[in-house]
Amino acid sequence: MTLLMGAVAYDPKVVTIWGGFRSWLQARGLPFDFVLYSHYERQVEDLVDGKIHAAWNSPLAWLRAERLAKAKGRSVSPLVMRDTDRDLTSVFLVRTDSPYEKVSDLKGRTVGLGAIDSPQATLVPRSFLREAGLTPGDDVTIRRYDVGVGLHGDHIGGERDAARALLAGDVEAAAVIDMNHLLFGREGTLPPGSTRVLAQTSTYDHCNLTVVDSAPADLVKKFGDLLLSMSYADPEVRPLLDLEGLKMWYEGRSSNYSLLETAVEEEGFYDADGSVTAEEYTP
Amino acid sequence: MTAASGVLDLEELGFERGAHLLVQQALKGMHPGQELGVTGADPALTVHLEAWCRQNGHRVRQAVDTDFGIRAWVVRGRADLDRWAGAQRAGSPGVDGIVENPPADWGLAARGALIESGGPQTPFDITHRDLVWAEIAPALYASAASAQWDPNTAIDWNADFTLKPEIEQAVVQVMTYLIENEQAALVIPSKLLARVHPHFREVLQLLAVQAADEARHMEVFTRRALLHGGEMGTSSVSGRESLSTLLEEAEFSMASFLLSVLGEGSFLNLLEFLDKNAPDPVTRQVTRMARRDEARHVAFGVAHLQHQADLDPSVRHRMRAAVERRYESLVDTSGLNQDVFDSLVVLAAGDWTPAAIAKGYDSVMKLQSEMDDGRQRRLIHLGFPSSEAADLSALHTKNFM
């Protein structure tokens, strides 16, 4: 049997990455292949249905997989994650010369967010606003920058558009993932010093490689062991690790998705059985 | 167990403007697991420090109240060490640092650079030192680089002269022939250049300058041909056949042997002949300037083949075979373009009297004899017995190049 993994083709490099990993894994005795999806929703449905054994999941897809599995009497678990998937934060940015000093100062203002299904640039930030006493849509106007809907925020375009809108004065604040604030500063989208961090969320985890309990246990174990054994010192995998944005794989953990879980509940993004219930969300 | 290894104060500098350089520098001397205290006045410091560390394989530990001014601790990771763990130096920059057989994945890296392991295989197929090297290559390159000249200023294009139409036509025909040969002499080293592993830097440089030399020659011969508004001369099938056999030679050493040692070697005599018999100052200057360059090309060819023959005497068998192969493929062709031969005679004659033509004819006969002598001398220099050198020289193409 071949262990079959799903991955979402959010960028052409996905083929290079998983094609390279496939060769590397096969050379070490793991019968492995992957299939590509155009968005995460079908990928997790197929995972829970047993059509694929594993899925390289966004955090939102992970939460949905959990719900879908539970509803069907199955279970899913996070096999591995990247070192860069742990303990991320989102930040609310404002222009440096703006008068805002805390999130509640944004009452009555317009906030730019990413795509509707972006955990880092929409869902977690909306929850953060609620926690600060601002109901999105009522106390603050939300301007969404929907780029790559269905990709769960993997496409950076929405965040970049929100950042540009902030600079242009179209919105008073924008929410992006912490590393993108650094990236936008370095690439010139946000000239250094033009924006400041108004607030930062608590930490949350990002992607994980999800496996379903119906998958062949021996192959799953070998898959996890091989990924964890990948070394950045190995010239064969290093370029692939660089492309995928990690230095090493960590054991998967499900303990740091509570911020997003809360956001999904608040927004009614999925119901308890994992059905998509979010309005205006058509991946 | 970790140990603090100091505190870095970034002052006002943020990560959007290069703070990572100072952090990297401070981490350089530390072991994985050791901690660096970071402080600074940039409001976004901790946000960006965390993001940067995460992406670069380090971790961040939050500072606590008792850390007095420290804004965060960087726990040094090992990704940068792992990246360079298998790295090796590509020899060393000097000639004495050349390695015999550089790996294909060293690619275009500078000689002496620290090469990160892995990376793409490169298409260079001439990868052994002995296949391309000559000890004289660096000195020849230096000499060639310093001897470059500007066609616009090195030649007195405004020199005042008028030739009889037939003499002018002979000059144009010879120029047409020279251009054709120079084009072959440009294409061949260029093709070889792209196949030689860049580790052998001096050989690439020399071949590049050689190609640039030929580019200049093409220009000055063309300008001389067109100087008085005439039409270009003829190009014969036999001439092009001869040159095409040079293009087909795949082996670096044999291509160098046929082109530089035998072909350009013969051209030295031809250019000297044209210098001596030139009917006008421009023809004299262009051939004289070209001859200086060609002498370097011949010197490299001879030195390279000598290096080869010293390492492996059987190279002489291959040289002989290359000459014979070329001879056989050209045996049914007529050799030198008759128009070229006649033009050389007319040039050397300088006049249309029977006595002058006879003198011109004798001069061209003498030229061919000198070419033969030159080839034999170079072959003997490469270790061929004199009788074999005479045989091989006689098999050389009648097209000179």
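Residues numbered from 1 in each chain as written. Chains lettered and ligands numbered in written order. Predicted model: local features only at pLDDT ≥ 70, side-chain atom pairs only at ≥ 80, totals over all residues.

## Details of the overall build of chain A
And then number 1: A tally of helices and strands in chain A yields nine helices and 11 strands.
And then number 2: Each principal axis of the C-alpha distribution contributes one length, and for chain A these read about 60 × 45 × 30 Å.
And then number 3: Taken over 283 residues, chain A has a buried fraction of 50%.
And then number 4: Nonlocal contacts in chain A, meaning residues at least 24 apart in sequence, comprise 78% of its contacts between residues at least 6 apart. (Helix = DSSP H or I, 4+ residues; strand = E, 2+ residues; numbered from the N terminus. Buried ≥ 20, exposed ≤ 12 C-beta atoms within 10 Å, placed from the backbone. Contact = placed C-beta atoms within 7 Å.)

## What about the pairing of strand 6 (residues 110–113) of chain A?
Residue and element names in this part refer to chain A.
And then number 1: Summarising the sheet, strand 6 and strand 7 (residues 141–144) pair through four bridges and their orientation is parallel. Of the residues in strand 7, the one forming a bridge with Val111 is Ile142.
And then number 2: You can see the chain leave strand 6, run along helix 4 (residues 119–131) and come back into strand 7, and the turn it takes is right-handed. (Pairing = 2+ DSSP bridges. Right-handed = clockwise from strand over helix to strand, strands pointing away.)

## Overview of the pairing of strand 4 (residues 76–82) of chain A
All names here are of chain A.
And then number 1: By the criterion of burial, strand 4 is predominantly enclosed, with six of the seven residues buried.
And then number 2: Two strands pair when backbone bridges link them, and strand 4 and strand 10 (residues 208–212) are joined in this way by four bridges, in the antiparallel orientation. Bridge pairing in strand 10 places Pro78 opposite Thr210.
And then number 3: Two strands pair when backbone bridges link them, and strand 4 and strand 11 (residues 249–251) are joined in this way by three bridges, in the antiparallel orientation. Bridging from a neighbouring strand, Val80 pairs with Glu251 of strand 11.

## Some thoughts on the domain arrangement of chain B
Residues and elements named next belong to chain B.
And then number 1: Domain annotation of chain B identifies domain 1 (4–82), domain 2 (85–122) and domain 3 (129–395).
And then number 2: The distance between the C-alpha centroids of domain 2 and domain 3 comes to 36 Å.
And then number 3: Of the residues belonging to the side of domain 2 that touches domain 3, the class tally is seven nonpolar, one polar and two charged. (Domains from an automatic or database assignment. Nonpolar A, V, L, I, M, F, W, Y, C, P; charged D, E, K, R; others polar.)

## Some details on the interface of chain A and chain B
And then number 1: In this assembly, 21 residues from chain A lie in contact with 22 residues from chain B.
And then number 2: Mapped onto the side of chain A that touches chain B, the elements with two or more residues apiece are helix 6 (178–187), strand 9 (195–200) and helix 8 (238–244) of chain A.
And then number 3: Looking at the side of chain A that touches chain B, its residues break down into nine nonpolar, five polar and seven charged.

## Topic: the sheet that holds strand 7 of chain A
All names here are of chain A.
And then number 1: Pairing is mixed in the open sheet, where five strands are placed in the order 7-6-8-5-9. Pairing within the sheet leaves two strands with one partner each, and these edge strands are strand 7 and strand 9. Neighbour to neighbour, the strand axes of the sheet diverge by 30° on average, direction disregarded.
And then number 2: Along the sheet, helix 6 contacts strand 5 (90–95) and strand 8 (173–177); its crossing angle with strand 8, the most-contacted strand, is approximately 105°. (Axes fitted to C-alpha atoms, helices over the stretch in contact; angles between N-to-C directions.)

## Section: the packing of helix 7 (residues 165–193) of chain B against helix 10 (residues 252–277) of chain B
All names here are of chain B.
And then number 1: Relative orientation of the contacting elements helix 7 and helix 10 amounts to 155°, with a least axis distance of 11 Å. By the angle class used here, helix 7 and helix 10 are roughly antiparallel. As for how helix 7 packs across helix 10, the hand of that crossing is left-handed. Of the residues in helix 10, those touching helix 7 at Val174, Ala185, Ile188 and Leu192 are Phe252, Ala255, Leu259, Glu264 and Leu274.
And then number 2: Class assignment for the residues of the contact of helix 7 with helix 10 results in eight nonpolar, no polar and one charged. (Parallel < 35°, antiparallel > 145°, perpendicular 65-115°, else oblique. Left-handed = near helix turned anticlockwise from the far one by under 90°.)

## Comments concerning the confidence of the model for chain B
Residue and element names in this part refer to chain B.
And then number 1: With 99% of its residues at a pLDDT of at least 70, chain B reaches an overall mean of 93.
And then number 2: The spread of mean pLDDT over the elements of chain B runs between strand 1 (residues 4–9), the lowest at 82, and strand 4 (residues 72–75), the highest at 98.
And then number 3: Taken together, the chains of this predicted complex give a pTM of 0.82 and an interface ipTM of 0.93. (pLDDT = per-residue confidence, 0-100.)

## Examining the sheet that holds strand 2 (residues 32–37) of chain A
Residues and elements named next belong to chain A.
And then number 1: Taken in spatial order, the six strands line up as 2-1-3-10-4-11 in an open sheet, and their pairing is mixed. Of all the strands in the sheet, the pair left with one neighbour each is strand 2 and strand 11. Put simply, the sheet's adjacent strands are angled 30° from each other on average, direction ignored.
And then number 2: Pairing between strand 1 (residues 3–8) and strand 2: six bridges, direction parallel. Its bridge partner being in strand 2, Leu3 is matched across the sheet by Phe32.
And then number 3: Running over the sheet, helix 3 (residues 59–71) touches strand 3 (54–57), strand 4 and strand 10 and is turned about 140° from strand 3.

## Some points on helix 14 (residues 354–381) of chain B
Residue and element names in this part refer to chain B.
And then number 1: Here helix 14 spans 40 Å end to end across 28 residues, near enough to the 40 Å set by a 1.5 Å rise per residue.
And then number 2: Those residues of helix 14 that fall on the buried side of the exposure criterion are Gly360, Val364, Leu367, Met371, Arg375, Gln376, Arg378 and Leu379.
And then number 3: Note on helix 14: the residue one or two positions beyond its end, Gly383, has a positive phi of about 100°. (Expected span 1.5 Å × (residues − 1).)

## Quick notes on the nonpolar core
A general feature of soluble globular proteins is that nonpolar side chains tend to end up buried together.
And then number 1: Ala54, Ala65, Ala173 and Leu260 of chain A are the most contacted members of the largest nonpolar core, which has 109 residues in total.
And then number 2: Looking at which element gives the most residues to this core, the answer is helix 3 of chain A, with seven residues.
And then number 3: Ile155, Ile188, Phe200 and Leu392 of chain B belong to the second-largest nonpolar core, a separate cluster that totals 76 residues. (Core = buried A, V, L, I, M, F, W, Y, C linked by C-beta atoms within 7 Å.)

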